[in-house]
Amino acid sequence: MLAITETDIQDWKYVSEGGATIVFSYTPKSNSNPRFEGTVLRLRKAIVPRLPHVVRPKDDNPTILVDEPDDPMIEYQTKCMTRLIPPSHLPRLETVRLDRSWLQQFNTYHEHKRPEARREKDSIDLSRTKGVLATDLVGGDWLAVEIKPKWAFLPNPSHLSPQTHPIKTQTCRFCMHSHMRSESGKMVALGYCPLDLFSGDEERVSKAVDGLWKSWADSNGTVNNLKIFSRGKVVRPAEAHLMIAGGVDPLQYPEGLRDIFRAALVRPLLQTPVLHILSKLQRTLDLLDIEGLAKLWRRTEASAPLYRTTFASFFEESSTEDPPSTPLGVSSLFLSSPEPNIADWTDFLDTYLSPASANLNNSAPAPENLRYYLLAYLLSATFKDCSIIIRLGFLGDDTQSDIVKPDSVRVIDLDPKSMDKLRGWEKLDTEIVTAYAKKLDPKVCIDTI
Ligand SMILES: [Zn+2]
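The residue count restarts for each chain, going from 1 along the sequence in the order it is written. Local features in this predicted model are restricted to residues whose pLDDT is 70 or higher, and side-chain atom pairs enter the listing and the counts only when it is 80 or higher, whereas totals over whole chains, interfaces and linings include all residues. Hydrogens and water are ignored here; the side-chain numbers use all heavy atoms of the structure.

## Brief notes about the coordination of the zinc ion
A four-donor tetrahedral metal ideally has 109.5 degree angles, and a six-donor octahedral metal ideally has angles of 90 or 180 degrees.
Next up, step 1: Note: metal donors comprise N, O and S atoms at 2.8 Å or less from the metal (3.2 Å for Na, K and Ca); water molecules are not included, so apparent gaps in a site are possible. Every protein donor of the zinc ion is listed here as Cys-172 (SG), Cys-175 (SG), Cys-193 (SG) and Cys-445 (SG), and their distances to the metal cover 2.3 to 2.4 Å.
Next up, step 2: Its four donor atoms give the zinc ion angles of 102 to 115° at the centre, a pattern that matches the tetrahedral case.
Next up, step 3: Motif for the zinc ion, donor spacing along one chain: C-x2-C-x17-C-x251-C. Within this pair, whereas Cys-172 is found in the loop between α5 (165-168) and α6 (173-183), its partner Cys-193 is found in the loop between α6 and α7 (194-197), the two being separated by 21 residues in sequence.
Next up, step 4: Relative accessible area decides the class of each residue, using a 1.4 Å probe on protein chains only: under 20% of the type maximum gives buried, over 50% gives exposed, and in between gives partly exposed. Owing to a relative accessible area of 0%, Cys-172 belongs among the buried residues under this scheme. Square planar and octahedral assignments, for four and six donors respectively, both demand that opposite donors be over 155 degrees apart and that all other angles lie between 65 and 115; tetrahedral needs four donors with all angles between 85 and 135 degrees, and anything else is irregular. Secondary structure follows DSSP: runs of H or I at least 4 residues long count as helices, runs of E at least 2 residues long count as strands, and numbering of each begins at the N terminus.

## Quick look at the domain arrangement of the protein
How big an interface is tends to be stated in terms of accessible area lost as the parts join.
Next up, step 1: Along its sequence, the protein is organised into domain 1 (2-136) and domain 2 (139-449).
Next up, step 2: With centres defined by C-alpha atoms, the gap from domain 1 to domain 2 works out at 30 Å.
Next up, step 3: Taken residue by residue, the interface counts 16 residues in domain 1 and 27 residues in domain 2.
Next up, step 4: Each of two parts loses accessible area, computed with a 1.4 Å probe, when they are put together; buried area is these two losses added. Contact with domain 2 buries surface across domain 1, with Tyr-76, Leu-84 and His-89 losing the most and accounting together for 39% of the total.
Next up, step 5: We define a salt bridge as a side-chain nitrogen of Lys or Arg found within 4 Å of a carboxyl oxygen belonging to Asp or Glu. Between domain 1 and domain 2 we count one salt bridge in total.
Next up, step 6: Linking Arg-83 and Asp-350 is a salt bridge whose minimum nitrogen-to-oxygen distance equals 2.8 Å.
Next up, step 7: Polar contact criterion, stated in full: a pair of N or O atoms within 3.5 Å, where within protein one must be able to donate a hydrogen and the other to accept it, and residues adjacent in sequence count only if both atoms are side-chain atoms. Taken together, the connections running from domain 1 to domain 2 amount to six residue pairs in polar contact (both at pLDDT 80 or more).
Next up, step 8: Ranked by the residues each element gives to the side of domain 1 that touches domain 2, the list is headed by helix α2 (residues 72-79), at three residues.
Next up, step 9: Polarity classes work like this: nonpolar for Ala, Val, Leu, Ile, Met, Phe, Trp, Tyr, Cys and Pro, charged for Asp, Glu, Lys and Arg, and polar for all others, with Gly in that last group. Across the side of domain 1 that touches domain 2, the residue classes tally to eight nonpolar, three polar and five charged. Just so you know, the domain bounds were taken from an automatic or database domain assignment. Residues count as neighbours in contact if any of their non-hydrogen atoms are within 4.5 Å of one another.

## Quick look at helix α10 (residues 274-285)
Next up, step 1: Between its first and last C-alpha atoms α10 spans 16 Å; for 12 residues at 1.5 Å apiece the expected length is 16 Å, and the two agree.
Next up, step 2: α10 sits mainly inside the fold: nine of its 12 residues count as buried. Every helix has an expected span of 1.5 Å times one less than the residues it contains.

## So, the sheet that holds strand β10 (residues 233-234)
Two pairing modes exist for strands in a sheet, parallel and antiparallel, and in both the strands are linked by backbone hydrogen bonds.
Next up, step 1: Two strands form a pair only when DSSP identifies at least two bridges running between them. One open sheet holds the five strands; their spatial order is β10-β9-β8-β11-β12, and the pairing between them is antiparallel. Only two strands of the sheet have a single neighbouring strand rather than two, namely β10 and β12 (409-412).
Next up, step 2: The pairing of strand β8 (residues 143-147) with strand β9 (residues 226-230) spans five bridges and is antiparallel. Across the sheet, Val-145 pairs through a bridge with Ile-228, a residue of β9.
Next up, step 3: Helix axes are fitted to C-alpha atoms over the stretch in contact, other axes to C-alpha atoms as well, and angles between N-to-C directions run from 0 to 180 degrees. Across the sheet, helix α9 (residues 257-271) touches β8, β9, β11 (387-392) and β12, and the angle it forms with β11 is around 115°.

See the structure below:
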């Protein structure tokens, strides 16, 4: 295991942080350690104790010698994601050994770089003995383009209701959702359709990139479907010159920067297998659409003996009402639906990747396969919500090779989704389709399969 404590704390630079982790990039001034070049360090955070004199009991108890498990992010990636996406298209993740005195010094040195609002709430968790070292995808001497592609396909029509069928088979989920969000005043990528990006057709991929660029320019870079980084810095439209190679006059491209950007980006998007992989995963994991999944859930619950005895009166011929049902994904006395752990995910993948999965009758899904369909849907949601990072040379640099290396396109943000999201997704689906049904000139999105 790599000992990060061999590096100087000053060789790390604060990059950013989320709710649970803080990220630092390796930027040594001198004596660079090649084992850490091109990496970022991700450390877990802990809540700042309200009372300064509170001492964590762990500090006083030398008997606790249990080895801390690796970060769950590493386990999920190594045991699950590498079975679905070739490792060359994933960031490298490694466990690094930490120690308390190094972490303490590290924390003291870097704390002032953090936003004040964050500092009041939490800080680096000093009790951790392991951290995560990952590939630095945006911080080097290149342009990094981050695209959140979203839903790649039109749904399987078999389980759609007569009301939603004509709508959902014509307009893709992203375009419908964008319409609803834009009606409520949000800034969205209206001109972008993911089905164009995933089409594999040069003209349509170019159209998708133009749509992303326009929303980036119109929103001052705030729409999250496209982000551009130059040497680790987020590029806003007013700083677009940061995307151009040194020595090239920006005035050479007064209007045409978008065209050069498109030309540079379309090549890797067409050459990489990543978009095809994501599209295939999404559609072969979301087999029933949320409507079919919800129907299967209700049917499975209703077939439980205890359910039938509990709500016996509803099953009498004279009853005109339907018995109550538990929301999708929520465990009850009749149907248990625990959150999947790593063992559940690997078992699921064993089935998904085996020839047996082809024998599932997805037109008439069986209640005994409910768990399979639930996990498949959650995993599909991970791929609908991930991002890809494309590494490009600076625009206008003619020395670039035309061959795109496999590791120039990587998939990030592959976090597992939880069962308790399902009920919200079902509700959102209804809202999106209901809002879109009112649109007089619905968009036609073309699925290429
Ligand atoms: Zn669309």
